[in-house]
Amino acid sequence: MNKKITALFCAVILMAAVFSACGNKGYLLAKDENGFEHAYVTDEDGSTLLNEDGDIRVYETDKNGKIVKDENGKPKENSVKMPEILITDNKYRTSEFEFNIPAGWKAGDKTFIAESEDGLSRIQFNKINGSAAQFNATVSEEVIMADKIVEEVKKSGGKADLTKGNTKITSNQIDAFYMIFYAEIEKDGEKNLLRTCSAYFTFEDKIYKAFYQTSKDEELSIDQVVEIFNNLTLKQTEKAEASSAS
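Predicted model, so just to flag it, every value in this text is computed and none were measured.

Looking now at the pairing of strand S11 (residues 159–169). Note: S11 against strand S12 (residues 174–187), 11 bridges, orientation antiparallel. Counterpart to Asn-166 in the pairing with S12 is Phe-177. With antiparallel pairing between neighbouring strands as the criterion, S11 and S12 make up a hairpin whose turn holds 4 residues, including Thr-170 at a positive phi of roughly 70 degrees.

So this is what it looks like as structure tokens:
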């Protein structure tokens, strides 16, 4: 990958939407996929910058997160490899998608992209093996598995239900198939609840699954879940962008 393409890719992934009330400070404080915070060097437009080796430039910080300066008063710099994931307080970014963290939620990590502030709900998003041509077969397998789980819960004396349907999902308004699963199991006099919503769709010949899970004692509707999933934006690849423009 040449320097121009790498720089563009980096800018798309790591661009800063908001810095502070006083404007662009020339750096963006954000965590990488391993949870380490860096002060990413940015230009006047808020885009991150690369060094001659194609790595991301970062300012050196002290234990309090302040920029370290040399004897001439200039910020000291280091570099880090381009991260797979960039997490800030209001956004979760990868090379394939962005998720705007809604009110009442906080950014997740490699395992999940967001978690409710009360810790009772989580959102996951991932690709499923197979191409778009295999979508129906893949979804059928998922439905069969879900139906079996419902049967097992009922056999064990619990309550379970599965609702299926079609909707539109993400800011791209993509057609999706969804399943809402409900289970209630009593153990040692304590009621355990689990509600999930799995939404399956295709994008650029890939199959994706958006997954919402909660243990809250409340009715779960597809409209409620879609409102959350609509904070998700999928990114077109350079090949797809060129194809749609021609």
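From this point on, the discussion continues.
All right, on to the side chain of Glu-98 then. Assignment of secondary structure puts Glu-98 in strand S7 (residues 97–100). When its relative accessible area of 12% is taken as the criterion, Glu-98 is described as buried. A polar contact of 3.4 Å, which involves the side chain of Glu-98, links it to the side chain of Lys-91.

Core analysis: the largest hydrophobic core is formed by 31 residues, its most contacted members being Phe-99, Ile-123, Phe-125, Phe-201 and Tyr-212. Those elements that place two or more of their residues in this core are strand S5 (85–87), S7, strand S10 (121–131), S12, strand S13 (190–203), strand S14 (206–214), helix H3 (222–229) and strand S15 (232–234). The dominant element in this core, judged by the number of residues it contributes, is H3, at 5 residues. Ranked by size, the runner-up nonpolar core spans 15 residues in total, among them Ile-128, Leu-162, Met-179 and Ile-207.

The strand order across the open sheet built from 7 strands is S8-S9-S10-S14-S13-S12-S11, with neighbouring strands paired in antiparallel fashion. On the outer flanks of this sheet lie strand S8 (105–107) and S11, each paired with one strand and no other. Between one strand axis and the next, the sheet turns through 20 degrees on average, direction left out of account. Where H3 meets the sheet, it contacts S8, S10, S11, S12, S13 and S14, and its direction lies at approximately 115 degrees from that of S14.

Direction of pairing for strand S9 (residues 114–116) relative to S10: antiparallel, over a ladder of 2 bridges. By the bridge assignment for S10, Glu-115 is matched with Arg-122. Hairpin connection of S9 to S10: 4 residues between the antiparallel strands, including Gly-119 at a positive phi of 75 degrees. Examined bridge by bridge, S10 and S14 share 9 bridges and lie antiparallel to one another. The residue bridging Ile-128 from the neighbouring strand is Ile-207, located in S14.

Further remarks concern the packing of aromatic side chains. This structure, assessed with the given rule, holds 7 aromatic pairs. The interplanar angle of 10 degrees and the centroid separation of 6.0 Å between the aromatic rings of Tyr-92 and Phe-97 together place this pair among those described as stacked. For the pair Tyr-92 and Phe-97, one class covers both residues: buried. Ring pairs connect the aromatic residues Tyr-92, Phe-97, Phe-125, Phe-201 and Tyr-208, which therefore count as one cluster.

Applying the stated criterion across every chain, the model contains 10 salt bridges. Note that Lys-191 is salt-bridged to Asp-217, the shortest N-O span being 3.8 Å. Highlighted residues: Lys-191 in strand S13 and Asp-217 in the loop between S14 and H3, separated in sequence by 26 residues. A relative accessible area of 57% places Asp-217 in the exposed class. Among the charged side chains, a salt-bridge network with shared partners connects Lys-106, Glu-115 and Arg-122.

Our next topic: H3. Turning to H3, its buried residues are Ile-222, Val-225, Val-226, Ile-228 and Phe-229. All buried residues of H3 project into a common sector of 160 degrees when viewed along the axis, lining one side. Turned more than 90 degrees off the buried face of H3, the exposed positions are Asp-223 and Glu-227.

Turning next to helix H2 (residues 135–155). Helix length check: H2 (21 residues) gives 31 Å between terminal C-alpha atoms against 30 Å at 1.5 Å per residue, within 8%. For H2, the elements touching its buried residues are S10, S11, S12, S13 and S14.

Thresholds, definitions, all that
Residues numbered from 1 in each chain as written. Predicted model: local features only at pLDDT ≥ 70, side-chain atom pairs only at ≥ 80, totals over all residues. Heavy atoms only, no water. Pairing = 2+ DSSP bridges. Helix = DSSP H or I, 4+ residues; strand = E, 2+ residues; numbered from the N terminus. Buried < 20%, exposed > 50% of the residue type's maximum accessible area, 1.4 Å probe, protein only. Polar contact = N/O pair within 3.5 Å; in protein donor to acceptor, adjacent residues only side chain to side chain. Core = buried A, V, L, I, M, F, W, Y, C linked by side-chain atoms within 4.5 Å. Axes fitted to C-alpha atoms, helices over the stretch in contact; angles between N-to-C directions. Contact = heavy atoms within 4.5 Å. Phe/Tyr/Trp six-rings, centres within 6.5 Å; stacked < 30°, edge-to-face > 60°. Salt bridge = Lys/Arg side-chain N within 4 Å of Asp/Glu carboxyl O. Arc of directions from axis to C-beta. Expected span 1.5 Å × (residues − 1).

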